[in-house]
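Architecture at a glance
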Amino acid sequence: MTSESPTNYDGIDSRIDTVADRVGSVWPLHSFVTANPLSGFEGSPFEDAVAEGERLFGGRGYPRADIFRRAWEDGRIDDDALRTELERRGIERDPETLLEAMETAETKRDDDPDDATAAVDRVLSKWLAAYLDQGQAPWPMPNREEGFYSAWRAVAPYDSDVPGCDDTEDVPATATGAVETVLDAYPRRRWDSIIEHHLAALPGWTGFIKQRADDEFDPWQSEYPITLTEYLGVRLTLVDLLDAPVAPETDADAGDETTAVREAWLSAWEQSYREHLLEDVDDDVTESSHGNGKRPAAQLVFCIDTRSEIIRRHIEQQGPYETHGYAGFFGVPMRHEAYGSDVTTEACPPIVEPEHIIADRPDAHHAEQETAHNRWHGLVSAARKHFKRLKTNPVAAFPFVEGAGSAYGSAMALRTLLPSAVYKLGSTVDEHVPSSHEFCSPTLDRPRMTHEEKVEYAQTAFELMGWTEFARLVVFTGHTSHTTNNPFDSSLQCGACAGNPGGPNARVLAKICNDEAVKDDLRERGVDIPDDTVFVGAEHNTTTDEITLFDGEVPKSHHADVAALRDSLEQARAGAAAERSEALNGADPDKGVSETASRAADWAQTRPEWGLAGNASFVIGPRELTADSDLDGRAFLHSYDWTTDPDGDALELIMLGPLVVTQWINNQYYFATVDNRVYGSGSKVTQNPVGNIGVVQGNGGDLMMGLPLQSLMSDDDSPYHQPLRLTAVIHASVENVTDILREHGHVRRLVDNGWVGNLTVVDPTRDNAAFDYVGGLEWEPSVQQDASSERVAAPAASD
């Protein structure tokens, strides 16, 4: 390879960034964000996009034939729905013949790279892991502050896996020069396909670099910058030195003739689910009972997360409680700095720009609790650091084993054999050691949150949910998860908070709403909050179903209200934990609380909870639509009252935000289930965490992009998650929904192109007649309609 490119081409960086749009972003494990791995193709029809995914990444885009067979034999795919979908595509063969044909077509592809390309992947992955390490490596890669290409160029002569590089002068001086040197040998019309080929070769690392380079708040990126140009510079240099192919062999479409058949089976499965869901929707409910003058004992607002559907049902069974669904960051675009931390974490969805840094700061009148907290956590931290030094110090390692081995072994045995006892011990410590929320309050001044912003955040929340009346106690409930020894723990946290706990956001909105000046302005804007209403933050642990109330600032006048609610929450926890533990491979529902607690503390537990596995639908409307139905923890639920939103402004915000995010979540679960090797991360048993940023399978290779098998499968061959595209049901007028789709092309494309599998409007202005979206801004009466009911023609809108 020459030391520098002979020609300098302008705009190569932007060209690389444009091509990189086809590779989905990958977030670090400590802030796992669920995302569609084929998000770069959302502008194309679903069937075309999965074909592109197969061409670029080798990923399967539809469930295997045996998965379809099982769903069909179990009655989850209705015969009539299947017949309709097959006829619509002109497919005349019987289902059994089609399944057999699909099974025959599922022969294993030989998609392993050639030896030279495999060597490039191996060497590049090794150095990416070293460069991108976030504090795990005892000996970090040198010169990282100079950027990835420069740092690699400095060490390349010492790497025995890189032949022909005895000196840094043997490779181009800059990443841009390295890229141009290779591209210069090919016509410009082929550059994009070459760039695409090499970005897609290791999509996990590419997606991670892409995400990190776009995050202006990432401290690691600020300290040790990396760009996709640098990545390609190193890769193409290795390609040249290891004599690997530069250009892809072919750009042929990887789709096969069974695509239409697979699409028919998938659509039939989705139609069958939609019909079942609509049966659970109470079509007698034309408006919310909220605001009917019957003041509930308390109102609890949960995240729209599917796990909230379960706990909400059980809370409502305990008494006159009203539950609502709202995006779990509670509308506050923020980053959070926890007490004792010097770093911030994102606490809002990726599509929202964080505008505030909210820090937990101790209150002066809680100094005693702060001292007790610091004393205990200081001892724990010092002990951990001491043990780490002893274990990694070659001189002290053997004496450490001799002296502490028996105690260490006993502790390991206890954690392995009696995880529930470990959980109880931890709970006991928590009861005696103050948590940070007991002596800290969230600050709202970095930068200072203005009064107008506070009023706007509160007003938006109540308008989107359609609130007109308030209980004495209103509880904003974020959610978190408790697991042990789990690299994917952040995937169980709040997706709306970028894979972080939602409790801080709940506390912030509660503090805003308790501000008397905010209340006064809200009343002037028509949000009539009574003088005796108190707002409280809370956090729902989705592993154990325990709900912690952050009630330290609640006045004495409301202590009885809080005590009654706390008792009801304990009862609800028992019911929800029993239901969820039974779903965890048939665990004993009579021991639900202890079973879920044991899983939370068990460091050998590969499946502490199911997370959002099973998600299939998004219902936007009043709680009464589904309050009497068990939706099996499969539905995202967002509160919405059409009677308070005549122009559809609130609905527009829900469709632009939560609907888009739930589609991301749904598609990540879908693709990780249908092809876990490519779009997931394989088994936890054979995973290795890398650099505190992700996992690889075995001892190296690509950074895995998605969820592990244990988050999706009951066993190696039986998916717990049913791979269906999202079904959305909206309780609003067809006209309002149509106007929103017409106005916002990116949302319309998600539906028109099949990324949202089904969209149904239950129209309260037409006696709750249901209409299915058929594309092109047109609707038809739902097949779920009673044949004897009057058919109402939905408006056929044009562009």
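Rules used throughout
In this numbering scheme, every chain counts its residues from 1 along its sequence in written order. Confidence filtering applies because this is a predicted model: local features only for residues at pLDDT of at least 70, side-chain atom pairs given and counted only at 80 or more, and all residues used for totals across whole chains, interfaces and linings. As a convention, hydrogens and water are excluded, and side-chain values are obtained from all of the structure's heavy atoms. The helix and strand labels rest on DSSP assignments: H or I over at least four residues marks a helix, E over at least two residues marks a strand, and numbering proceeds from the N terminus. Relative accessible area decides the class of each residue, using a 1.4 Å probe on protein chains only: under 20% of the type maximum gives buried, over 50% gives exposed, and in between gives partly exposed. By definition, residues are in contact when any of their heavy atoms lie within 4.5 Å. Per-residue and other accessible areas follow the Shrake-Rupley method at a 1.4 Å probe size, with only the shown protein chains counted as cover for residues. Nitrogen and oxygen atoms within 3.5 Å of one another constitute a polar contact, given that in protein one can donate a hydrogen and the other can accept it, and given that sequence-neighbouring residues count only through two side-chain atoms. Whenever Lys or Arg places a side-chain nitrogen within 4 Å of a carboxyl oxygen from Asp or Glu, that contact is recorded as a salt bridge. UniProt positions are given in the numbering used here, feature names are shortened, and annotations may be inferred rather than shown by experiment. For two strands to be treated as a pair, DSSP must find no fewer than two bridges joining them. The patch calculation keeps residues exceeding 30% relative accessible area without a salt bridge and links them within 9 Å when they carry like charges or within 5 Å when they are nonpolar (Val, Leu, Ile, Met, Phe, Trp, Tyr). Here Asp and Glu are counted as negative and Lys and Arg as positive; His is not counted, and neither are the chain ends. In this description, the location of a charge corresponds to atom NZ of lysine, CZ of arginine, CG of aspartate or CD of glutamate. The angle between two axes is taken between their N-to-C directions and runs from 0 to 180 degrees, where each axis is a line fitted to C-alpha atoms and a helix contributes only its stretch in contact. One number per residue, pLDDT, summarises how confident the predictor is, and it ranges from 0 to 100. For our purposes a nonpolar core is just a set of buried Ala, Val, Leu, Ile, Met, Phe, Trp, Tyr and Cys residues, chained together by side-chain atoms within 4.5 Å.

**Re the overall build of the protein**
If you tally the helices and strands in the protein, you get 27 helices and 19 strands. Burial statistics for the protein: of 799 residues in total, 55% are counted as buried. Sequence separation of at least 24 residues holds for 74% of the intrachain contacts in the protein that already meet a minimum separation of 6. As displayed, the protein offers around 33800 Å² of accessible surface, 49% of which is attributable to carbon and sulfur atoms.

**Section: the environment of Arg623**
Turning to its location among the elements, Arg623 is positioned in the loop between β10 (617-620) and β11 (635-638). With 16 residues separating them along the chain, Arg623 and Ser639 place their C-alpha atoms 6.4 Å apart. Setting aside residues no more than four positions away along its own chain, Arg623 makes contact with Arg312, Arg313, Glu316, Thr323 and Leu637. A polar atom in the side chain of Arg623 sits 2.9 Å from the side chain of Glu316.

**Overview of the pattern of salt bridges**
Enumeration over the complete set of coordinates arrives at 43 salt bridges. In this structure, Arg335 and Glu346 form a salt bridge, with 3.4 Å as the shortest nitrogen-oxygen distance. Here Glu346 lies in strand β4 (residues 345-346) and Arg335 lies in strand β3 (residues 334-337), a separation of 11 residues in the sequence. Sharing partners across several salt bridges, the network here consists of Arg22, Glu52, Arg55 and Glu196.

**Points about the UniProt feature "binding site: Zn(2+)" in the protein**
Taking the UniProt record as the reference, the feature "binding site: Zn(2+)" is found at Cys303, Asp305, His479 and Cys494. Separation in sequence by 192 residues is not matched in space for these annotated residues, since their most distant C-alpha atoms are only 9.0 Å apart. Within the element layout of this structure, Cys303 appears in the loop between β1 (298-302) and α14 (306-316). Setting aside chain neighbours within four positions, we find Cys303 in contact with Ser308, Tyr326, Gly328, Thr477, His479 and Cys494. By secondary structure assignment, the location of His479 is in strand β7 (residues 473-480). Since its relative accessible area comes to 2%, His479 is described here as buried. Ignoring anything within four residues of it in the chain, the contact list for His479 reads Cys303, Asp305, Arg307, Gln493, Cys494, Asn500, Pro501, Gly502, Gly503, Glu539, His540 and Thr542.

**Here we look at the pairing of strand β16 (residues 726-731)**
Counting buried positions over the six residues of β16 gives six, a clear majority of the element. Here β16 shows two buried faces, one formed by Leu726, Ala728 and Ile730 and the other by Thr727, Val729 and His731. Direction of pairing for β10 relative to β16: parallel, over a ladder of four bridges. Among the inter-strand pairings, Ile620 is bridged to a residue of β16, identified as Ile730. As paired strands, β16 and strand β17 (residues 756-763) are joined by six bridges and run parallel to one another.

**Observations regarding a negative patch on the surface**
A cluster of acidic residues, Asp13, Asp17, Asp21 and Asp214, forms a negative patch at the surface. Among the structural elements, Asp21 can be located in the loop between α1 (12-20) and α2 (46-57).

**What to know about the sheet that holds β4**
Read from one edge of the open sheet, four strands run β4-β3-β5-β6, paired in mixed fashion. Two strands bound the open sheet, and with one partner strand each, they are β4 and β6 (440-442). Of the pairings in the sheet, the one linking β3 to β4 comprises two bridges and is antiparallel in character. Residue pairing for β4: His336 is matched across the bridge by Thr345. Contacting β3, β5 (356-362) and β6, helix α19 (residues 503-514) runs over the sheet at an angle of about 75 degrees to β6.

**Overview of the confidence of the model for the protein**
Considering every residue of the protein, the mean pLDDT works out to 89; 88% of them sit at 70 or more. Counting interchain partners and residues more than four positions distant, the pLDDT-below-50 stretch residues 2-9 has 22 contacts. Scored below 50 in pLDDT, residues 787-794 makes 10 contacts in the model with residues more than four places away or belonging to other chains.

**What to know about the sheet that holds β10**
With mixed pairing, six strands are arranged side by side in an open sheet as β11-β10-β16-β17-β18-β19. Because the sheet does not close on itself, it has two edges, and the strands there are β11 and β19 (778-781). Strand-to-strand, the axes of this sheet are offset by a mean angle of 25 degrees, without reference to chain direction. Each of β10, β16, β17 and β18 (769-775) is contacted by helix α13 (residues 259-280), which is oriented at about 25 degrees to β17, the strand it contacts most. Each of β10, β11, β16 and β17 is contacted by helix α24 (residues 658-674), which is oriented at about 160 degrees to β16, the strand it contacts most.

**Considering the nonpolar core**
Across soluble globular proteins, you tend to see nonpolar side chains buried next to one another. Among the nonpolar cores identified, the biggest contains 191 residues, and Leu199, Phe462, Phe476 and Val737 are the most heavily contacted of them. In this view, Phe462 contacts Trp467, Phe470, Phe476, Cys513, Leu522, Val527, Ile529 and Phe535; residues no more than four positions away in its chain are not counted. Residues Ala298, Leu300, Val475 and Ala572 belong to the second largest nonpolar core, which totals 20 residues.

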